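# Observations on the model geometry
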Amino acid sequence: MKTQEYIQIEEQFGAHNYHPLDVVIEKAQGVWVYDVEGNKYLDCLSAYSAVNQGHVHPKILAAMVEQAQKVTLTSRAFRNDQLPLLYKELSEVTGYEMSLPMNSGAEAVETALKLARKWAYTVKGVPRHQAEIITVSGNFHGRTISIVSFSTEPSYRDDFGPFTPGFLTVPYGDDKAIESAITPNTAAVMIEPIQGEAGVIIPPAGYLKKVAELCKQNNVLLIADEIQTGLCRTGKLFASQHEDVRPDIVVIGKALAGGFYPVSAVLADAAILGLFTPGEHGSTFGGNPLAAAVARAALKVLVDEKLADRSAELGTYFLDQLAEIPSKHVKEVRGRGLFIGVELNEASGGARRFCEALQKTGILAKETHNYVIRFAPPLVIDKETIDWALPRIREVLQMQ
Ligand SMILES: *Cc1c(COP(=O)(O)O)cnc(C)c1O
């Protein structure tokens, strides 16, 4: 079947909640994906940073196949021999004493929010059902009703109320606004250290550090949503580490399973994550042996292949080279590691047409909101491949 036939079937039988590029992928390896017509593309999105380790990484694949032949799902009603090892290895790699596994990122965010409320009532002494959680403008934490309750993006929330109470939103990058919003009932502040979906928005230097101090002074938990920025994407294991911040709670997902499987987790020390008691929270698939085996292999690849260092080094190179491309369309090039946003001027006509033009040159990138092209290839990319991409990107950024 040809591209157009797949698209026609998808449009007819599938809900229209996405606007994908018209490329139908049938296989992938490393940084490259192949469509049904045999065309080859450099993946510069990495499934929103879920395939930091590269597509179909052989070691993760082997772990998945091996585990799939043994046992895939036990439910948490019984124990399995993979989950304890995932807990231990996550703790060794991240430095947090405990973790709680879920599946999607949104579920892990919901888990962190429940945990912060539980902590507020049982440790901080906030009157029951009065806990407040501070979030910031431009946030993206997922798609559940509670999470879209504090989104500031109209399309994410306008038709989906009534909303969950207990959240307030202040401008991103403004620590004074957080200071003013904190009350005795504040349980937590939740932040993305760099906002991915908002367009690779990097807050002012020192912001996260200041927010962490405010949280400490006021007995408020700091939750970092590192689902996209974490696991080596920005050149460190966690983007919070760029400011030497150790949040009380970290939420991870996406690359935790290298793109093979949905696995997410909440990380915290025992004084916080130890608060849940049996029955208070759960998930049929969370922590299943297949997920745990895949996540263990995916974590090991991040460490063994030193993907944080690779991201830092190649990201700096890629960013510097992109910044040197003369283009009347470009307003700003920014990023950390291989997490790069090219923001276009309003007069450019929007990022979509540039992404479509990139596709024609053999590069898959996706616009985020109207004016930003995100370049976030798998972290296993090499300099030669970046050098292959640069003239193609240049050609596209210089079109009329
Ligand atoms: C992708 C993402 C989520 C949601 O993850 P899902 O697996 O799609 O539910 C939450 N927060 C951030 C920062 C993300 O990038």
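This structure is a prediction, so every number in the text was calculated from the model and none was measured. (Residues numbered from 1 in each chain as written. Predicted model: local features only at pLDDT ≥ 70, side-chain atom pairs only at ≥ 80, totals over all residues. Heavy atoms only, no water.)

### So, the environment of Leu302
As for its placement among the helices and strands, Leu302 is situated in helix 11 (residues 289–304). When neighbours within four sequence positions are excluded, Leu302 is seen to be in contact with Asn52, Gln53, Leu231, Cys232 and Leu307. (Helix = DSSP H or I, 4+ residues; strand = E, 2+ residues; numbered from the N terminus. Contact = heavy atoms within 4.5 Å.)

### Side note on the domain arrangement of the protein chain
Looking at the protein chain, the domain boundaries give domain 1 (3–56 + 306–397) and domain 2 (58–304). Relative to domain 2, the C-alpha centre of domain 1 lies at a distance of 26 Å. Summing the contributions of domain 1 and of domain 2, the shared interface buries around 2500 Å²; its carbon and sulfur component is 57%. The largest contributions to the domain 1 side of the interface with domain 2 come from Gln53, Arg336 and Phe339, which together make up 28% of the buried area. In this assembly, domain 1 and domain 2 are joined by 1 salt bridge. (Domains from an automatic or database assignment. Buried area = accessible area lost by both parts, 1.4 Å probe. Salt bridge = Lys/Arg side-chain N within 4 Å of Asp/Glu carboxyl O.)

### Digging into the nonpolar core
Residues Ile373, Phe375 and Ile393 are the most contacted members of the largest nonpolar core, which totals 69 residues. A total of 10 residues in this core trace back to one element, the largest contributor, which is helix 11. Two domains each provide a minimum of three residues to this core, namely domain 1 (3–56 + 306–397) and domain 2 (58–304). Among all residues touching Ile373, those that are not within four sequence positions of it are Ile340, Gly341, Val342, Leu344, Ala351, Phe354, Cys355, Leu358, Ala365, Lys366 and Leu397. Core analysis: the second largest hydrophobic core is formed by 31 residues, Ala108, Ala131, Ile223 and Ile272 among them. (Core = buried A, V, L, I, M, F, W, Y, C linked by side-chain atoms within 4.5 Å. Buried < 20%, exposed > 50% of the residue type's maximum accessible area, 1.4 Å probe, protein only.)

### Here we look at the sheet that holds strand 2 (residues 32–35)
In spatial order, the strands read 1-2-3-13; together these 4 strands make up an open sheet with mixed pairing. Looking along the sheet, the strands with just one partner apiece sit at the ends: strand 1 (25–29) and strand 13 (363–364). Looking at chain direction, strand 3 (residues 40–43) and strand 13 are connected through 2 bridges and run parallel. Paired with Asp43 across the strands is Leu364, a residue of strand 13. (Pairing = 2+ DSSP bridges.)

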